[in-house]
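The primary structure of each chain is shown beneath.
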Amino acid sequence: MEPNNAAPSVALNADLHCHSTVSDGTLSPEELAARARERGVQLWALTDHDEIGGQHRALRAAAAQGLDYLTGTEISVTFAGETVHIVGLGFDADDAELAEGLACTRNGRQARAMEMSDSLAKVGIRGAYEGALKYVGNPDLISRTHFARFLVETRVCGDTGEVFRRFLTDGKPGFVPHRWARLGDAVHWITQAGGVAVVAHPGRYRFSPTEEYALFTEFQAHGGQGVEVVTGSHSTAEYAKYADLARELGLAASRGSDFHSPNESRIDLGQLPALPADLTPVWSLLAERIHHPA
Ligand code: AMP
Ligand code: MN
Ligand code: MN
Ligand code: MN
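Residues numbered from 1 in each chain as written. Chains lettered and ligands numbered in written order. Predicted model: local features only at pLDDT ≥ 70, side-chain atom pairs only at ≥ 80, totals over all residues. Heavy atoms only, no water.

Trainee: Tell me about the nonpolar core, and please be specific about residues and values.
Mentor: Counting residues in each nonpolar core, the largest one holds 52 residues, and the members touching the most others are Leu-16, Ile-75, Ile-86, Leu-215, Val-229 and Val-282. The residues touching Val-229, leaving out its near neighbours within four places in the chain, are His-234, Tyr-239, Tyr-242, Ala-243, Ala-246, Ala-253, Ser-254, Leu-275, Pro-276 and Leu-279. Grouped together as the second largest cluster of nonpolar side chains are 18 residues, Ala-113, Ile-125, Tyr-129 and Phe-167 included. (Core = buried A, V, L, I, M, F, W, Y, C linked by side-chain atoms within 4.5 Å. Buried < 20%, exposed > 50% of the residue type's maximum accessible area, 1.4 Å probe, protein only. Contact = heavy atoms within 4.5 Å.)

Trainee: Would you mind going over the domain arrangement of the protein in detail, with residue names and values included?
Mentor: The assigned domain composition of the protein is domain 1 (14-106 + 179-289) and domain 2 (109-166). Using C-alpha coordinates to define each centre, domain 1 is positioned 25 Å away from domain 2. Across the boundary between the two partners, domain 1 contributes 14 residues, which contact 11 residues of domain 2. In total, domain 1 and domain 2 occlude about 980 Å² of area from one another, counting both sides; carbon and sulfur atoms represent 44% of this. (Domains from an automatic or database assignment. Buried area = accessible area lost by both parts, 1.4 Å probe.)

Trainee: Just give me the short version of the coordination of the manganese ion (ligand 4), but keep the residues and values in it.
Mentor: Protein coordination at the manganese ion (ligand 4): the donors are His-17 (NE2), His-19 (NE2), Glu-74 (OE) and Asp-258 (OD), at 2.1 to 2.2 Å from the metal. Spacing between the donor residues of the manganese ion (ligand 4) along their common chain follows H-x1-H-x54-E-x183-D. The distance between the manganese ion (ligand 4) and the manganese ion (ligand 2) is 4.6 Å. (Donors = N, O, S within 2.8 Å, 3.2 Å for Na, K, Ca; no water.)

Trainee: Tell me what's going on with helix 7 (residues 144-153), and back it up with residues and numbers.
Mentor: Most of helix 7 sits out of view: 7 of its 10 residues are buried. Restricting attention to buried positions, one finds in helix 7 the residues Thr-145, His-146, Phe-147, Ala-148, Arg-149, Phe-150 and Leu-151. Capping the start of helix 7 is the job of one residue whose side-chain oxygen sits 3.0 Å from the backbone nitrogen of Thr-145: Ser-143. (Helix = DSSP H or I, 4+ residues; strand = E, 2+ residues; numbered from the N terminus. Polar contact = N/O pair within 3.5 Å; in protein donor to acceptor, adjacent residues only side chain to side chain.)

Trainee: Account for the site of ligand 1, with residues named and values stated.
Mentor: In the neighbourhood of ligand 1, the contacting residues comprise Asp-24, His-49, Arg-109, Arg-112, Ser-143, Arg-144, Thr-145, Phe-164 and His-260. Here Arg-112 contributes a side-chain N or O atom positioned 2.7 Å from an oxygen atom of ligand 1. Contact distances for ligand 1 include 2.8 Å between an oxygen atom and a side-chain N or O atom of Arg-144. Burial of ligand 1 by the surrounding chains reaches 77%, relative to a free accessible area of 500 Å². (Near = heavy atom within 4 Å. Areas by Shrake-Rupley, 256 points an atom, 1.4 Å probe, with all protein chains shown as cover.)

Trainee: Quick rundown of the coordination of the manganese ion (ligand 2)? Include the residues and the values.
Mentor: Looking at the manganese ion (ligand 2), the protein donor atoms are Asp-24 (OD), His-49 (NE2) and His-260 (NE2), and they sit 2.1 to 2.2 Å from it. For the manganese ion (ligand 2), the donor residues sit on a single chain with the sequence spacing D-x24-H-x210-H. Here the manganese ion (ligand 2) and the manganese ion (ligand 3) are spaced 5.7 Å apart. Of this pair, Asp-24 sits in the loop between strand 1 (14-15) and helix 2 (29-38) while His-49 sits in the loop between strand 2 (43-44) and helix 3 (55-65), placing them 25 residues apart in sequence. The class of Asp-24 is buried, set by a relative accessible area of 3%.

Trainee: Explain the environment of Val-10 to me, and be specific about the residues and the numbers.
Mentor: Mapped onto the secondary structure, Val-10 falls in helix 1 (residues 7-10). Classification of Val-10 as buried rests on a relative accessible area of 4%. For the pair Val-10 and Glu-153, spaced 143 residues apart in sequence, the C-alpha separation works out to 41 Å.

Trainee: Got a sec to walk through the packing of helix 4 (residues 96-106) against helix 9 (residues 183-192)? Specific residues and values, please.
Mentor: A pair of packed helices is characterised by two quantities: the angle between their axes and the separation of those axes. Orientation of helix 4 relative to helix 9, taken along the N-to-C sense of each, is 150°, at an axis distance of 8 Å. With respect to their mutual orientation, helix 4 and helix 9 come out roughly antiparallel. Crossing geometry of helix 4 relative to helix 9 is assigned as left-handed. Of the residues in helix 9, those touching helix 4 at Glu-97, Leu-98, Gly-101, Leu-102 and Thr-105 are His-188, Trp-189, Ile-190 and Gln-192. In terms of residue class, the contact of helix 4 with helix 9 is made up of 4 nonpolar, 4 polar and 1 charged. (Axes fitted to C-alpha atoms, helices over the stretch in contact; angles between N-to-C directions. Parallel < 35°, antiparallel > 145°, perpendicular 65-115°, else oblique. Left-handed = near helix turned anticlockwise from the far one by under 90°. Nonpolar A, V, L, I, M, F, W, Y, C, P; charged D, E, K, R; others polar.)

Trainee: Describe the sheet that holds strand 7 (residues 226-231), with residues and values.
Mentor: The strand order 4-5-6-7-8 describes an open sheet built from 5 strands, whose pairing is mixed. The sheet is open, and its two edges are formed by strand 4 (72-79) and strand 8 (252-256), each paired on a single side. Averaged over all adjacent pairs, the angle separating strand axes in this sheet is 40°, with direction ignored. Pairing analysis gives 5 bridges linking strand 7 to strand 8, with the strands arranged parallel. Bridge pairing in strand 8 links Glu-228 to Ser-254. (Pairing = 2+ DSSP bridges.)

Trainee: Describe the packing of aromatic side chains, with residues and values.
Mentor: Tallying each qualifying case throughout the model produces 3 aromatic pairs. With a centroid separation of 5.3 Å and 65° between ring planes, the pair formed by Trp-44 and Tyr-69 is classed as edge-to-face. Here Trp-44 is found in strand 2, whereas its partner Tyr-69 is found in strand 3 (residues 68-69), with 25 residues between them in sequence. Both residues of the pair, Trp-44 and Tyr-69, belong to the buried class. A centroid spacing of 6.1 Å and a plane angle of 85° characterise the contact between Phe-79 and Phe-207, whose relative ring orientation is edge-to-face. Residue Phe-79 is found in strand 4, and its partner Phe-207 is found in the loop between strand 6 (196-199) and helix 10 (209-221); the two are separated by 128 residues along the sequence. By the burial criterion, Phe-79 is buried, and Phe-207 matches it. (Phe/Tyr/Trp six-rings, centres within 6.5 Å; stacked < 30°, edge-to-face > 60°.)

Next up, the structure:
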């Protein structure tokens, strides 16, 4: 990797991870763009789960707000039996192979949602599928988050965090195991479309050190180049841990709130600390791919 000579750009207020109503966020791409600008974001990416259908709206909204924009998505992958998320940044929003890969990845969410609903019915929670659907903005993208909102609405739980602790996670009622995309495929879809692949929130996975090492080794072998260091999912200790990993493996670092909703997200757009100054920011690899407002 190049020696770091991009010190000023490391301090850029970049927020390269958030969700709209096109996946499991509660704000539209236009509302997110306005909120990002109000909160001081300078470079923004909308990264809906397994979906790029909101990218042209986000691009136009970013331009209207005077924000620099990178295209984005967050792909669900199964690696060593765990779900891992791979963020893609700076790809061509009209790339057919990426669109096809994401369509395959979304496929199966519907059947999984029905099974989740059946599983919840067995513990006395009825009508969860219909209840979750009320929160779905994109019929192809029903997610656990939409079920969580229904269980909060019906006061089964006090907040979405409690829903995930008591339901919807491995071993709990409502959890349905699912096989997502393969790591190599997800990285390939992103990179062949001109983008950079980034391991999202690595601190969230329940891997042993050996499994985590295997994840990053395979990710890099497939052409992955980035890791989220500063994210709404990491503690301060995890910022330091994954900054060290980025240095050790020569990975570029990303920063993103993972904002979903004003009512649910702990970290708002643009509010995280800056990346450590010696790291190579992922946006320095993507200078040519940034859309600047006219
Ligand atoms: P899915 O893609 O349907 O498996 O849903 C995954 C989404 O659920 C994540 O992107 C988060 O938005 C949400 N999620 C997962 N774990 C939690 C948690 N512990 N608390 C709140 N939301 C969560
Ligand atoms: Mn989500
Ligand atoms: Mn994620
Ligand atoms: Mn996310």
